[in-house]
Structures are given as C-alpha cells and as structure tokens.
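Architecture at a glance
The residues making up each chain are set out below.
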Amino acid sequence: MTMKALAVMALWTVATVSLFNFIGFPDHYDKPLWSIGGALMLVIILIGNVWIFIGVAKEEPWAWFKDSDGNE
C-alpha cells in the first residue's frame, strides 16, 4: 500500500505542477501576488500529499512497529 500511496502522491504532484505551467506561473513568478499564490499552492500540494499518503497507506507504514518490543 505504501508504494500505491507514493504513486498517487506522484500523480497529484505532477497534475498540480502541470496546472502551474498551464496557468502561466513560470511567466509571472516575479510578481508579488503570483508569488503568494504560488506559495499557497505549494502548501496545498504538501497538505494534499500528506492527506493522500495517510488515506491510501492507512496503517501499513506503521505496522512494522507492532512486532518490535521496543528494545533495540
């Protein structure tokens, strides 16, 4: 499930970066309002990636802690 979550996260990131390019962000990154909008979009992408990972991977990434007795 972890690999599936990472694949979905990659698709989400590629889609949003494509949206960045489609709306013309690379042509306007030097303008303050575009920079603020770009920063907000990057935060949305990051939060979306975390949400996707938790939603798709569920408990699998933490399952290997269950077999550990805590003594290393």
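Higher on the page you've got the structure.
Attention here is on the structure that accompanies the text.

What counts and what doesn't
- Residues numbered from 1 in each chain as written.
- Predicted model: local features only at pLDDT ≥ 70, side-chain atom pairs only at ≥ 80, totals over all residues.
- Heavy atoms only, no water.
- Core = buried A, V, L, I, M, F, W, Y, C linked by side-chain atoms within 4.5 Å.
- Buried < 20%, exposed > 50% of the residue type's maximum accessible area, 1.4 Å probe, protein only.
- Helix = DSSP H or I, 4+ residues; strand = E, 2+ residues; numbered from the N terminus.
- Salt bridge = Lys/Arg side-chain N within 4 Å of Asp/Glu carboxyl O.
- Contact = heavy atoms within 4.5 Å.

1. Focus: the nonpolar core
Counting five residues, the largest nonpolar core is built from A5, M9, I52, F53 and A57. Only α1 (2-23) and α3 (32-57) provide two or more residues apiece to this core. Looking at which element gives the most residues to this core, the answer is α3, with three residues.

2. Comments concerning the pattern of salt bridges
Tallied over the full model, the rule gives one salt bridge. Where D30 meets K31, a salt bridge forms, and the shortest distance between an N and an O atom there is 3.9 Å. For D30, a relative accessible area of 57% corresponds to the exposed category. Of the residues examined, K31 reaches a relative accessible area of 38% and is grouped as partly exposed.

3. Description of the side chain of N49
Here N49 shows up in helix α3. By relative accessible area, which is 12% here, N49 ends up buried. Residues within four places of N49 in sequence aside, it is in contact with M9, W12 and T13.

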